[in-house]
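Summary of structural features
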Amino acid sequence: MKRLCDRFPRVLYFDKMTYLSEEFDLYFILCEDANGRGRECLYCIGRKDTEDIFRFILVSLVQSVPDIKTRVNCLILGNVNEDLSIIQTVLPNAKVQFCRTQVLESLYNKAIEIEGVFQDNIWDFFCKLANSWSPVSYSRNLREMNSMFSKEFIEYFQDTWDTRKEMWVESWAFERNKGSTFSRFVRSHQQMLSSELGSYHTMAEYIGRLHKLQTLKTETTDLEEEKIQPRFREICSYDLASLIEEEIGLGKNGCYRMKLDGDNFVLDDGTAEYTVNKEQNSCSCTIYTSTLLPCRHIFATRLWTGETICFSIRKQKSV
């Protein structure tokens, strides 16, 4: 986790699960690796209503990985209702954004509560408002809102969300469409956690299961092979590309114990050990040494460390 956070600190995603149990909440921070996958940087299990837990988590993160303090450019927040002033102190260069989907859900639920009637076009309007691409279009959508909603809802919106429009409207986003990426990360992550933790009840069981989830097998199961394979088809012959595709699948589905040995990575499949170099582009296995093609061990290592698996390969030997 620390290695991933240090390698990919630019945009971090902070959220929590409030339905873990009646006693505890589960907080987590994700980063985005080079393959566009959400990866865990931190977990924290805290008792509900614990004071200053947001501060504790952020400070603990920086204490664990001190170099990221000035390297986090954006912190996107999900289901978090905390004092945000601590962020500027702990992560001074971070622009704070809200998860847009969760803002939309809050707006929609509040509109139904205040207006007392369901309207099919409410959700579509809020989506249009959130996706305003310029201050001008945002202002135009606000004028439309005044004709659609009651004074009570308009006052709620102005007090709660209009004053923080820079934190959730597309026009002021840190990166365009990054909010939707976060929503996808969090939704997938929460589904996985709910499935894995749903039958556990004690603190020890939660911690034990979270530890077991940090395995190469778990981290690689969501790899979308069909998005990667065309890259190698463009630069290799059909036969070589087919061999690489087979190795990608084996790297994804293989079971390895991985450890660091100096700057190298050592993978143990229960039968033999294989050494992947620091740059993660060569391996001691016979597939690589006989063809110079990326092997299952290189792919598995890159998936684990978060490095892109679509990388330049050396000139191949004939096979």
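Residues numbered from 1 in each chain as written. Predicted model: local features only at pLDDT ≥ 70, side-chain atom pairs only at ≥ 80, totals over all residues. Heavy atoms only, no water.

Description of the overall build of the protein
- Check the secondary structure of the protein and you find 14 helices and eight strands.
- For the protein, with 319 residues in total, the buried portion stands at 47%.
- Carbon together with sulfur atoms contributes 48% to the accessible area of the protein, which is approximately 16200 Å² in total. (Helix = DSSP H or I, 4+ residues; strand = E, 2+ residues; numbered from the N terminus. Buried < 20%, exposed > 50% of the residue type's maximum accessible area, 1.4 Å probe, protein only. Areas by Shrake-Rupley, 256 points an atom, 1.4 Å probe, with all protein chains shown as cover.)

Some thoughts on the sheet that holds strand β7 (residues 264-268)
- Read across the sheet, three strands follow the order β6-β7-β8 without closing on themselves; strand pairing throughout is antiparallel. With one partner strand each, in any of the chains shown, β6 (257-261) and β8 (273-276) form the two edges of the open sheet. Within the sheet, the average angular offset between the axes of one strand and its neighbour, ignoring direction, is 25°.
- Pairing of β6 with β7, which is carried by five bridges, proceeds in the antiparallel orientation. Within the sheet, the bridge partner assigned to R257 lies in β7 and is D268.
- Sitting on the sheet, helix α14 (residues 296-305) is in contact with β6, β7 and β8, with an inclination near 115° to β7. (Pairing = 2+ DSSP bridges. Axes fitted to C-alpha atoms, helices over the stretch in contact; angles between N-to-C directions. Contact = heavy atoms within 4.5 Å.)

Structural notes on helix α4 (residues 100-115)
- Between its first and last C-alpha atoms α4 spans 22 Å; for 16 residues at 1.5 Å apiece the expected length is 22 Å, and the two agree.
- Those residues of α4 lying buried are R100, V103, L104, L107, Y108, A111 and I114. Angular distribution of buried residues about the axis of α4 spans 140°; they occupy a single face of the element.
- Looking at the buried positions of α4, the neighbouring elements they touch are β5 (95-98), α5 (121-130) and α7 (151-160). (Expected span 1.5 Å × (residues − 1). Arc of directions from axis to C-beta.)

Side note on the confidence of the model for the protein
- Of the residues in the protein, 83% reach a pLDDT of 70 or more, and the chain-wide mean stands at 82.
- For the protein, per-element mean pLDDT is lowest for helix α10 (residues 216-220), which scores 50, and highest for α7, which scores 95. (pLDDT = per-residue confidence, 0-100.)

A few points about the sheet that holds strand β4 (residues 74-77)
- The mixed open sheet is built from five strands, whose spatial order is β3-β2-β1-β4-β5. Sheet topology places β3 (38-47) and β5 at the edges, where each strand pairs with a single neighbour. Direction aside, neighbouring strands of the sheet carry axes that sit 20° apart on average.
- Packing of helix α2 (residues 53-64) onto the sheet brings it into contact with β1 (11-17), β2 (24-32), β3 and β4, and relative to β3 it is tilted by some 135°.

Quick word on the side chain of E40
- With respect to the secondary-structure elements, E40 resides in strand β3.
- With no salt bridge to any partner, buried E40 finds its closest opposite charge in R39, at an N-O distance of 4.9 Å.
- Of note is the side chain of E40, whose polar atom sits 3.3 Å from the side chain of Y43. (Lys, Arg positive; Asp, Glu negative; His and termini not counted. Salt bridge = Lys/Arg side-chain N within 4 Å of Asp/Glu carboxyl O. Polar contact = N/O pair within 3.5 Å; in protein donor to acceptor, adjacent residues only side chain to side chain.)

Remarks on α7
- Of the positions making up α7, those classed as buried are F153, I154, Y156 and F157. The buried residues of α7 occupy an angular sector of 160° when projected down its axis, which confines them to one face. Among the exposed residues of α7, those oriented more than 90 degrees off its buried face are K151, E152 and D159.
- Buried residues in α7 make contact with α4, α5 and α6 (135-148).

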